[in-house]
Amino acid sequence: MPIDDPTLWEFATQAIRTGHARTAEGEHSEPIFPTSSFVFSSAAEAAARFSGDEPGNIYARFTNPTVRTFEERLAALEGGESCVATASGMAAILATCMGLLEAGDHIVSSRSVFGTTTVLFNKYLSRFGIKTSFVELSDLGAWEQAILPETRLLFLETPSNPLTEITDLQALAALAHAHDCLLVVDNCFCTPALQRPLELGADIVVHSATKYLDGQGRCVGGAVVGDSKLVGEEVFGVLRTAGPTMSPFNAWVFLKGLETLQLRMLAHSQSAQVLAEWLELHPQVARVHYPGLASHPQHEIALQQQQAAGGILSFELKGGQPAAWSVIDATNMLSITANLGDTKTTITHPATTTHGRLSDEEKAASGISAGLLRIAVGLESVADIQADLARGLDVL
Ligand SMILES: *Cc1c(COP(=O)(O)O)cnc(C)c1O
């Protein structure tokens, strides 16, 4: 095996070892460098660092060794040349747009993206002359129709939240490139352990590290991954200038998260599959949305582009909102919260929380029915999760 070349390490090895250059102390675990600035050995060295003639640390808004370890490791896992860590997932999306777009440019975005992403595009980027059109995630024709001469960027999440719709990334990358656009994928739901969009032709991957990369609900953070020009220069330029950088402590927590990412994502997926199959047979359940089920409309694409189906599922109750709320209220263990990507299972009623500000028509168009519940399946015993859901479901 070619273990002498770290770039040839397999995923599980890179997730544990890439990016850590041991210091003279011989530490085994990655060190945290809580320092805002760095010192130079001479005036000449300071000048060379500032002019860019010599690489090296200057100030932690630009670079920090712990943050860099996280960036190098995530870049390796996504198969990208460069990674820039950010203070949050939203900062990653903002920095990507600021780095790659200018006034007059146009975005085509999936309608099924994180709610705050929609607000960022519609309310804030529009103030700076960047307009966005929204389309159905899995309708390739709709994407093509929405592309204008000034379109620069296509943006999506797959699988989507909460209905786990999937789009064919290879087909969308080909469409983007045929129109001189960049394909940006928010890879939050799958993480590189289950899906590597850059290998399928995407140009940029963005992350909310807050979710599965941490995996235990501790820190807020984000990242942008791509080539050394778009990400290493343009997005990095925004970060070092505008400053939504990741803290060294948070980078260290995310590094520890990456070490177990593959194991966790496979375990989340395994439990979600068990629950999805059980729910699909339950007499009170009208429909289950989970890419691992043969009944999922894009099951075949999921099998091709994902290593496993992921930890998020949603299902519709025959009894509408009263049934959905009583299932939530009957749980003793599940966490009633809209967060996801945690070892702790969470349960949400999208129609009155994450998608609550949509009008009734918008909810109907997006498939957010009153009886829909979303589960982000955690790593507790799947039997205990099932029993907690059954408490409410079996008495409906
Ligand atoms: C949470 C989330 C974000 C935003 O990330 P923050 O870290 O909360 O800023 C973006 N995209 C998706 C898919 C998310 O789930």
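The model shown is predicted, which means the values in this text are computed figures rather than measured ones.

Caption draft 1: Highlighting the domain arrangement of the protein. According to the domain assignment, the protein contains domain 1 (6–259) and domain 2 (261–393). Listed per partner, the contact involves 38 residues of domain 1 and 37 residues of domain 2. In this assembly, domain 1 packs against domain 2 so that about 3000 Å² is buried in total across both faces, 57% of it on carbon and sulfur atoms. Counting every contact that joins domain 1 to domain 2 gives zero salt bridges. Our count for the domain 1 to domain 2 interface comes out at 15 residue pairs in polar contact (both at pLDDT 80 or more).

Caption draft 2: Main features of the layout of surface pockets. Estimated volume of the largest pocket: approximately 670 Å³. For the largest pocket, the lining is made up of 31 residues, of which Phe62, Thr63, Arg68, Glu71 and Phe236 are closest to its centre. At the level of secondary structure, the elements contributing two or more residues to the lining of the largest pocket comprise helix H2 (43–51), helix H3 (65–78), strand S1 (82–86) and helix H9 (230–242). By residue number, the principal contributor to the lining of the largest pocket is H3, which donates six residues. Considering only residue class, the lining of the largest pocket consists of 14 nonpolar, nine polar and eight charged. Quantified by volume, the second largest pocket comes out at close to 470 Å³. What lines the second largest pocket is a set of 22 residues, and nearest its centre among them are Arg111, Thr118, His355, Leu358 and Ser366. For the lining of the second largest pocket, the secondary-structure elements that each account for two or more residues are helix H5 (115–124) and helix H14 (360–366). The element best represented in the lining of the second largest pocket is H5, accounting for four residues.

Caption draft 3: Looking closely at unusual backbone geometry. Note that the residue after threonine 158, namely proline 159, is joined by a cis bond; omega there is 0 degrees. Looking at the secondary structure, you find proline 159 in the loop between strand S4 (151–157) and helix H7 (169–178). The linkage connecting asparagine 161 with the following residue, proline 162, adopts the cis geometry, with an omega of 0 degrees. Although it is not a glycine, threonine 164 sits at a positive phi angle of roughly 55 degrees. Following the sequence through the fold, threonine 164 ends up in the loop between S4 and H7. Unusually for a residue other than glycine, aspartate 180 sits at a positive phi of about 55 degrees. Mapping aspartate 180 onto the fold places it in the loop between H7 and strand S5 (182–186). Residue classification places aspartate 180 among the exposed positions, given a relative accessible area of 67%.

What counts, and at which threshold
- Residues numbered from 1 in each chain as written.
- Predicted model: local features only at pLDDT ≥ 70, side-chain atom pairs only at ≥ 80, totals over all residues.
- Heavy atoms only, no water.
- Domains from an automatic or database assignment.
- Contact = heavy atoms within 4.5 Å.
- Buried area = accessible area lost by both parts, 1.4 Å probe.
- Salt bridge = Lys/Arg side-chain N within 4 Å of Asp/Glu carboxyl O.
- Polar contact = N/O pair within 3.5 Å; in protein donor to acceptor, adjacent residues only side chain to side chain.
- 1 Å grid on protein atoms, 1.4 Å probe; cavity = no way out; pocket = protein on both sides within 12 Å on 5 of 7 lines; lining within 4 Å.
- Points joined across faces, edges and corners; volume = space filled by probe spheres on them.
- Helix = DSSP H or I, 4+ residues; strand = E, 2+ residues; numbered from the N terminus.
- Nonpolar A, V, L, I, M, F, W, Y, C, P; charged D, E, K, R; others polar.
- Buried < 20%, exposed > 50% of the residue type's maximum accessible area, 1.4 Å probe, protein only.

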